[in-house]
Amino acid sequence: MSYLHNIGAYFLMIKEMFRKPTKWSVMRGLIFKDIDDLVIGSLGIVAFISFFVGGVVTIQTALNISNPLIPKYLVGFATRQSVILEFAPTFISIIMAGKVGSFITSSIGTMRVTEQIDALEVMGINAINYLVFPKFIAMMLYPFVISIAMFLGIIGGMAACVYGGFSTLDDYITGVQMDFIPFHMTYAFIKTFVFAFLLATIPSFYGYYMKGGALEVGKASTTAFVWTSVMIILLNYVLTQMLLS
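Residues numbered from 1 in each chain as written. Predicted model: local features only at pLDDT ≥ 70, side-chain atom pairs only at ≥ 80, totals over all residues. Heavy atoms only, no water.

Taking an unreviewed UniProt entry as the reference, the protein chain is identified by name as ABC transporter permease belonging to Aquaticitalea lipolytica.

Written out as structure tokens, the structure is:
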């Protein structure tokens, strides 16, 4: 029953998020602050992981293509497909569930513990709109982060391929360009918008409705990360089945 209660409370929170909006002059500052914290602040770790994981995907693909009859440009093709379809949208989103999700849960949870949320409600402010809506808007820029992850993943693969001696630069570029299906980019960004919504709302839910003290803030952050990751994996399967099958 607790699961059903949490699901119902989650959707009620989303409904409440769009009611009784905060003044734009205040909301604008909150949105820019959350863009800086959630999106701009994540570029460094996303760039680092994307570059090196792209290189690892390329090396593993090249080492498993030992048959001389298989053309070397398939290394670039496999890297592009892996990065665009799964690695950038899904793998990076799970990492962001740990970084962004724990930040959102701990920041809102700390406000709950220190009774700042109660103070907002006493002043007649819609606390859910004030706290959650700016994070939702900020995460709508999340596809920008994923596009950088795609680019750097392919560049990292190219560096590993060329400097590791697995194939030539021309073969790698030929593979990256071969049989490109534009809808795969559309599919990746549809997933990214869905994951961005989950990354903004599930951690906010666990932070807003937590009870207890400082110890419970840490527990809420862990729970938020687990359930955000679970929902990302489940919806990744559903969206892939719907859009690519």
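Now that the structure has been shown, the text picks up again.
K.L.:
With reference to specific residues and values, describe helix 6 (residues 127-139).
P.N.:
The end-to-end C-alpha separation of helix 6 is 19 Å, in line with the 18 Å expected for 13 residues at 1.5 Å each. A large share of helix 6 lies buried, amounting to 11 of its 13 residues. Ala127, Ile128, Asn129, Leu131, Val132, Phe133, Pro134, Lys135, Phe136, Ala138 and Met139 are the residues of helix 6 that are buried. Here the buried face of helix 6 lies against helix 1 (2-17), helix 2 (24-39), helix 4 (74-113), helix 5 (116-122), helix 7 (142-163) and helix 9 (182-208). (Helix = DSSP H or I, 4+ residues; strand = E, 2+ residues; numbered from the N terminus. Expected span 1.5 Å × (residues − 1). Buried < 20%, exposed > 50% of the residue type's maximum accessible area, 1.4 Å probe, protein only. Contact = heavy atoms within 4.5 Å.)

K.L.:
How would you summarise the side chain of serine 167 if you had to cite specific residues and measurements?
P.N.:
Tracing the chain through its elements places serine 167 in the loop between helix 7 and helix 8 (169-177). Apart from the residues lying within four places of it in its own chain, the contact partners of serine 167 are Lys72, Cys161, Val162 and Tyr172.

K.L.:
Give a detailed account of unusual backbone geometry, specifying residues and quantitative values.
P.N.:
The backbone phi angle of lysine 20 is positive, close to 45°, even though this residue is not glycine. In this fold, lysine 20 is placed in the loop between helix 1 and helix 2. Overall, lysine 20 belongs to the exposed group, its relative accessible area being 53%. A positive phi angle is found at glutamate 115, which is not glycine, with a value near 65°. In this fold, glutamate 115 is placed in the loop between helix 4 and helix 5. For glutamate 115, a relative accessible area of 53% corresponds to the exposed category.

K.L.:
How would you sum up the UniProt feature "transmembrane region" (unreviewed entry) in the protein chain? Please name residues and give values.
P.N.:
The UniProt record marks residues 38-63, 83-104, 141-166, 186-208 and 220-239 with the feature "transmembrane region" (unreviewed entry), using the residue numbering of this structure. Across residues 83-104, helical content stands at 100% and strand content at 0%; the span's end C-alpha atoms are separated by 27 Å. The span residues 220-239 is 100% helical and 0% strand by assignment, and the distance between its end C-alpha atoms comes to 28 Å. (UniProt positions renumbered as here; feature names shortened; annotations may be inferred.)

K.L.:
So what about the nonpolar core? Which residues, and what values?
P.N.:
If you look at the biggest cluster of nonpolar residues, it comprises 57 residues, and the most contacted ones within it are Ile92, Leu131, Met139 and Tyr142. The greatest single-element share of this core, amounting to 12 residues, is contributed by helix 4. Ignoring anything within four residues of it in the chain, the contact list for isoleucine 92 reads Val46, Ile49, Ser50, Phe87, Tyr142, Ile146 and Ala149. (Core = buried A, V, L, I, M, F, W, Y, C linked by side-chain atoms within 4.5 Å.)

K.L.:
Could you give me a rundown of the pattern of salt bridges, with the residues and numbers involved?
P.N.:
What the rule picks out here adds up to five salt bridges. Among the ionic pairs, arginine 19 bridges to glutamate 16, the shortest N-O distance being 2.9 Å. The class of arginine 19 is partly exposed, set by a relative accessible area of 43%. Residue classification places glutamate 16 among the partly exposed residues on the basis of a relative accessible area of 26%. Where lysine 135 meets aspartate 34, a salt bridge forms, and the shortest distance between an N and an O atom there is 3.7 Å. In this pair, lysine 135 sits in helix 6 while aspartate 34 sits in helix 2, placing the two residues 101 residues apart along the sequence. (Salt bridge = Lys/Arg side-chain N within 4 Å of Asp/Glu carboxyl O.)

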